[in-house]
Each structure stands twice: as C-alpha cells, then as structure tokens.
Amino acid sequence: MPPSSFFKSKDDDEIDSSLDDLDSILDDLDAINMPQLSLTWHYRSKHESLIRFSNAKFYNNKLITFPSTNDMVSKVKFINTNGIYGGKSATNEIEAKAIIKEVERRLRDSKLNKFSIGIVTFSSVQQELIEDMLNDFFTYHKDLERINLASKEPIIVKNLENIQGDERDVILFTINILENLRNIWKEKSND
C-alpha cells in the first residue's frame, strides 16, 4: 500500500514529496486482473475479541479463528482519559500521562509485570511524547526500569505504521479519536 500522509509529523513534509504519487501495489495487481486470494483463518490472537472486529468488517465473518478458553469476556477495553489534543504540538499529554500511569501500575504489580507491554500511538509525535515521558519516568523509578529491562520483552512504543509484526501480551493503544476523525475527513474532502 502507498505511504499515507495520515501519520506524518510536521517535519516529514520535507522528506520526499515524490512518495505521494506512488500507487498501491494491490491497485496495480487489480488492474491486471491478478487472481485474488483471501485470508481464510487466523491463529495469532490469543483471544477471539482481538480479531472479531476485523473479521466482521473486512472478512464478512468468513475468517476461521481459534477461540480461547475464556472467550466469554472481551479482552479489549476502552478507557476514556478525557484527554485534549494539543493543537500545534499535535499531542495529547493527558492521554500520555494515563499511559505512563498504567505502565507504572502494571510494573508495580507482581502478577501483571510478568506480561510484556506494547504502546501503540496514532502519530509519531504522540509516540515521541510517550517515549520521552517513559524515559523520564524510568529516570526516577530505577526499580521499575530494572523490572522492565529484565522482562522477556521490554516495553516498546511505536506508531501505528511501525508496529506491524510486533507482539506483546498487553497493547496500550492511544487514540486521539476526535482529531483522527478530523484528519480522515480532511483527507476524504481533499480527494
């Protein structure tokens, strides 16, 4: 698929405007009537609720999945931080602080700190803010930093474009809902 401007930071505009003209390889293959093959089963999610949305929206519920033993309760939770998107800074500091607080809660709990953590953001500037806050946090909490570094997989912080293929036991997904909807609307209205 072609690169998207959706995740660009303000500094990315200078990089290479020629990328904007690239077509999706999928569109090219479609144009030459390349046969299509759809994914028919999925094994990576340890819980049905993690793939259920994609199965319904993208696979017309035809995707065969392997349910977990505790499938009665969703493993996906939405927690509203009442964060405010920061205009020029293009960040949400309230949301970032809530992420750091959740990381602290998990690292302090002897049962929860056994689970690896991934933090996924919608933008590279939010990713940078959380990385900076996490580094500052570990500067003052060396005991928790040691727990993190001693884990089988230390905490990762990545934006949505760069998380592909990474796996963690727990994913903390930050979403600036209103601002992301505005960006999607802007992109659609510019088409």
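What you see as residue numbers is a count from 1 along each chain, following the sequence as written. Reporting of local features is limited, given that this is a predicted model, to residues whose pLDDT is at least 70; pairs of side-chain atoms are given and counted only at 80 or more, and all residues count toward the totals for whole chains, interfaces and linings. Heavy atoms throughout the structure, all of them, feed into the side-chain values; hydrogens and water do not.

Novice: Could you give me a rundown of the nonpolar core, with the residues and numbers involved?
Specialist: What is meant by a nonpolar core is a set of buried Ala, Val, Leu, Ile, Met, Phe, Trp, Tyr and Cys residues, joined one to another through side-chain atoms within 4.5 Å. The cut-offs for exposure are 20% and 50% of the maximum accessible area for each residue type, with area from a 1.4 Å probe on protein chains only; residues under the lower value are buried, those over the upper are exposed, and the others partly exposed. V103, I119, I130, L134, F138, I155 and L172 are the most contacted members of the largest nonpolar core, which has 18 residues in total. Secondary structure follows DSSP: runs of H or I at least 4 residues long count as helices, runs of E at least 2 residues long count as strands, and numbering of each begins at the N terminus. Elements with a contribution of two residues or more to this core: α3 (93-108), β3 (117-121), α4 (124-140) and β5 (170-173). Contact criterion: two residues are considered in contact whenever any of their non-hydrogen atoms come within 4.5 Å of each other. Apart from residues lying up to four places away in sequence, I119 is in contact with I99, V103, I130, I155, I156, V157, K158 and L172.

Novice: Outline the packing of α4 against helix α5 (residues 142-150), supporting the account with residue identities and numerical values.
Specialist: Where α4 contacts α5, the two axes come as close as 5 Å, and the packing angle between them is 115°. Touching F137, F138, T139 and Y140 of α4 are K142, L144, E145 and N148, all from α5. Only Asp, Glu, Lys and Arg are considered charged in this grouping, and only Ala, Val, Leu, Ile, Met, Phe, Trp, Tyr, Cys and Pro are considered nonpolar; every other residue, Gly among them, is considered polar. In terms of residue class, the contact of α4 with α5 is made up of four nonpolar, two polar and two charged. Axis definition: a line fitted to C-alpha atoms, limited for helices to the stretch in contact. Angles are taken between N-to-C directions and run from 0 to 180 degrees.

Novice: Kindly report on the pattern of salt bridges, identifying the contributing residues and their values.
Specialist: Each reported salt bridge corresponds to a side-chain nitrogen of Lys or Arg within 4 Å of a carboxyl oxygen of Asp or Glu. Throughout the structure, instances matching the rule amount to eight salt bridges. We note a salt bridge from E104 to R108, for which the minimum N-O separation is 2.9 Å. Taken together, the residues E104 and R108, both in helix α3 and four residues apart, mark about one turn of the helix. What makes E104 partly exposed here is its relative accessible area of 23%. Using a relative accessible area of 46% as the deciding quantity, one classes R108 as partly exposed. For R168, the salt bridge identified is with E153, shortest N-O distance 3.6 Å. Of this pair, R168 sits in the loop between β4 (156-159) and β5 while E153 is found in the loop between α5 and β4, placing the two residues 15 residues apart along the sequence. By relative accessible area, R168 is classed as buried at 19%.

Novice: Please give an account of unusual backbone geometry that cites residues and values.
Specialist: A positive phi angle is found at N33, which is not glycine, with a value near 60°. Structurally, N33 is set in the loop between α1 (25-31) and β1 (41-42). The backbone of N60 sits at a positive phi, close to 50°, despite the residue not being glycine. Looking at the secondary structure, you find N60 in the loop between α2 (49-58) and β2 (64-65). Exposure remark for N60: the relative accessible area of 57% places this residue in the exposed category.

By themselves, these are just geometric observations and shouldn't be taken as functional.
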